Amino acid sequence: MANNILNFSLADFFYNDNPDVLSPPDDFSEWINNPVVKHSFSFFEQELLDAPRVSTEILSNLDGKRRKIINLTSYNYLGLSTHPEVVQAAKEALEKYGLGSSGAPLLSGTLDIHTEFARKLAEFKQKEDCILYSSGFGGNVGAIQGMMRKGDYLVMDEKCHRSLVDGGTLSGAKMLFFAHNDMESLQMMLEKAKGKRTLVVVEGVYSMDGDLAKMPEICDLAEQYGAGIFIDEAHSTLMFGENGRGVAEHFGVEDRVGVSFGTLSKSFGGVGGFICANKDLIRYLKGYSSPWNFSCAPSPAVSGGLIKALEVATRDSSLRDKMWENTRYMKKNLLDMNLDLGGTESQVIPIIIGNSGEKLMSYAEKMQKAGLFLQPVDFPAVPAHSRRFRMSVSSQLTQEEMDTTLSIIEDVIVKDMKS
Ligand SMILES: Cc1ncc(COP(=O)(O)O)c(C=O)c1O
């Protein structure tokens, strides 16, 4: 049976009592003064200068030398962060409301601009209501922690984002992880949770691999066991589906998915998170979701920009179409170089390097010196045997930038791998 939950996986790493990984020594005071980790892993520490004027360009400060480089790591998939209409709308909201909301949403923090944005998001996602959070991370933590309680079961894909896992931990619900996108493993976990209040938690696009949740099969199984479904559409909202509503729309299963999460920091180009669901659930979250009722409401200036970002991204499909055209071009050329792109089905393209952290870091540095910023993703963010670069393709990339990117990758990675 394909149940790799028993082999090494992120789930093992993070959730099981494996004494070999990142566990602080028993003597906690000694550890605080002299923290050590047993498994070595590296950070690609560096400083990027200046706010990017366009998402594809940044200044790097590697070795104290300023270089203008191509950025293929940004989440600004549609270029909305720097879109002139979005920036203008944010400026107007800033003038009108000031910088901050100066209150938690239930106290004085909810302004008319938040209500308007939440209503527009609910309409867009075709759900009854919507709740806004100041961060995507907080939205996931808050929704899961708010909805679930001790005695409930969370059945989560093992590759789900940390925010979903932390929300589960806080809720006190029992957490069962199924092998990534493996329906046999999902069914096994649902069997274990049988008869309990159960929520199946998946991501539309998985953020490290770029593959899609198998939504039709997941819906079938969840319905068979009477479980609810929560989908994190962080990397798929405004990108997938005929109207950009995400992977649930792409598979035609929106009305079978009760709770839909989105972040505002990726394709929307701002910051924040939101949950769309039925009215009762949203009302319940407003009472019990701690990151909502015990944290300041989102910045009204950002909300103003985001209302415009939603309008720009949905008034036609031109930005999305361009992003897909660029994605197809990059994928085709990377595959022609025989690079391992895992099972990507989206604009998130992993370039898997393997188990050498040193190679990963040295490629990263060489590429940056040659004019390309690709963020290396090292263990423990991904399993040690599949260290990688994670490329995010944007609608803003020019043909020249894509061709320069490909030739740098060929020079630095492909030539070395062949040698
Ligand atoms: C799948 C997923 N969910 C949630 C988040 C959290 O979103 P934010 O960074 O907007 O807080 C991320 C961020 O990387 C993500 O990849």
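Residues numbered from 1 in each chain as written. Predicted model: local features only at pLDDT ≥ 70, side-chain atom pairs only at ≥ 80, totals over all residues. Heavy atoms only, no water.

### A few points about the overall build of the chain
Looking only at helices and strands, one finds 16 helices and 14 strands in the chain. Relative to its full complement of 419 residues, the chain shows a buried share of 55%. Accessible surface, the chain as shown: approximately 18,700 Å² in total, 51% of it carbon and sulfur. (Helix = DSSP H or I, 4+ residues; strand = E, 2+ residues; numbered from the N terminus. Buried < 20%, exposed > 50% of the residue type's maximum accessible area, 1.4 Å probe, protein only. Areas by Shrake-Rupley, 256 points an atom, 1.4 Å probe, with all protein chains shown as cover.)

### Here we look at helix α7 (residues 162-171)
Along an α-helix, residues three or four positions apart point the same way, because every turn accommodates 3.6 residues. All of the buried residues in α7 are Ser163, Leu164, Val165, Gly167, Gly168 and Ser171. Trailing α7 by a residue or two, Gly172 shows a phi angle of about 85°, which is positive.

### Notes on the environment of Glu223
Here Glu223 is to be found in helix α9 (residues 215-224). Through-space distance from the C-alpha of Glu223 to that of Arg256 is 8.5 Å; in sequence the pair is 33 residues apart.

### Things to note about the packing of aromatic side chains
This structure, assessed with the given rule, holds four aromatic pairs. The interplanar angle of 80° and the centroid separation of 5.0 Å between the aromatic rings of Phe240 and Trp324 together place this pair among those described as edge-to-face. Of this pair, Phe240 sits in the loop between β8 (228-232) and α10 (247-250) while Trp324 sits in helix α14 (residues 318-336), and the two are 84 residues apart along the sequence. Since its relative accessible area comes to 5%, Phe240 is described here as buried. (Phe/Tyr/Trp six-rings, centres within 6.5 Å; stacked < 30°, edge-to-face > 60°.)

### Describing the site of the ligand
Among the 15 residues in the neighbourhood of the ligand, the closest are listed as Phe137, Asp232, His235, Thr263 and Ser265. At 2.8 Å from an oxygen atom of the ligand is found a side-chain nitrogen or oxygen belonging to His235. In isolation the ligand offers 380 Å² of accessible surface; the protein chains occlude 86% of this area. Comparing atom positions with the cavity grids shows the ligand to sit within the largest pocket. Here the shell around the ligand is composed, by residue class, of four nonpolar, eight polar and three charged. (Near = heavy atom within 4 Å. Polar contact = N/O pair within 3.5 Å; in protein donor to acceptor, adjacent residues only side chain to side chain. 1 Å grid on protein atoms, 1.4 Å probe; cavity = no way out; pocket = protein on both sides within 12 Å on 5 of 7 lines; lining within 4 Å. Sits in = over half its atoms within 2 Å of the grid points. Nonpolar A, V, L, I, M, F, W, Y, C, P; charged D, E, K, R; others polar.)

### Points about unusual backbone geometry
Phi angles above zero are rare outside glycine, and Gln126 is one such case at about 55°. Tracing the backbone shows Gln126 in the loop between α5 (112-125) and β4 (129-133). The exposed category is assigned to Gln126, whose relative accessible area is 55%. Phi at Asn181 is positive, roughly 55°, even though this residue is not glycine.

### Quick notes on the sheet that holds strand β11 (residues 348-354)
Taken in spatial order, the three strands line up as β11-β14-β13 in an open sheet, and their pairing is antiparallel. Edge positions in the sheet fall to β11 and β13 (376-377), since each has one partner strand and no second. The pairing of β13 with strand β14 (residues 387-392) spans two bridges and is classified as antiparallel. The residue bridging Val377 from the neighbouring strand is Arg388, located in β14. Its contacts with the sheet place α14 against β11 and β14, and it is angled at close to 20° to β11. Against the sheet, helix α16 (residues 399-418) engages β11 and β14, with an angle of about 25° to β11. (Pairing = 2+ DSSP bridges. Contact = heavy atoms within 4.5 Å. Axes fitted to C-alpha atoms, helices over the stretch in contact; angles between N-to-C directions.)

### Topic: the layout of surface pockets
It is a probe the size of a water molecule, rolled over the atoms, that shows where empty space is left. Here the largest pocket is characterised by a volume of approximately 530 Å³. Counting residues per element, the ones that place at least two in the lining of the largest pocket are α1 (10-15), α6 (136-147), α7, β9 (259-263) and β14. Formed jointly, the lining of the largest pocket draws a minimum of three residues from each of two domains, domain 1 (48-71 + 317-418) and domain 2 (81-315). (Points joined across faces, edges and corners; volume = space filled by probe spheres on them. Domains from an automatic or database assignment.)

### Examining the packing of α6 against helix α11 (residues 279-288)
Here α6 crosses α11 at 100°, and the two axes come no closer than 9 Å. If you check the angle between α6 and α11, you find them roughly perpendicular. Taken together, the residues of α11 that come into contact with α6 (itself represented by Gly142, Ala143, Gln145, Gly146 and Met147) are Leu281, Tyr284, Leu285 and Tyr288. Taken together, the residues of the contact of α6 with α11 sort by class into six nonpolar, three polar and no charged. (Parallel < 35°, antiparallel > 145°, perpendicular 65-115°, else oblique.)

### Focus: empty space enclosed by the protein
What the rule picks out here adds up to one cavity of 30 Å³ or more. In this model, the largest cavity occupies a volume close to 70 Å³. Taken together, Lys125, Lys127, Ile231, Glu233, Arg245, Ala248, Glu249, Glu254, Val257 and Ser260 make up the full set of residues lining the largest cavity. Its residues assigned to classes, the lining of the largest cavity comprises three nonpolar, one polar and six charged.

### Things to note about the side chain of Asp209
Inspection of the secondary structure assignment puts Asp209 in the loop between β7 (198-203) and α9. Its relative accessible area of 13% is what places Asp209 among the buried residues. When near neighbours in sequence (up to four residues on either side) are disregarded, Asp209 contacts Lys159, Gly343, Thr344, Val348, Pro350 and Arg388.

### Looking at α11
Looking at α11, one finds that the buried residues are Leu281, Ile282 and Leu285. The buried residues of α11 occupy one face: seen down the axis, they fall within an arc of 100°. Turned more than 90 degrees from where α11 packs its buried face, Lys279, Asp280 and Arg283 sit exposed. Elements in contact with the buried residues of α11: β4, α6, β9 and β10 (273-277). Measuring from the backbone nitrogen of Asp280 back to the side-chain oxygen at the start of α11 gives 3.0 Å, which picks out Asn278 as the cap. (Arc of directions from axis to C-beta.)

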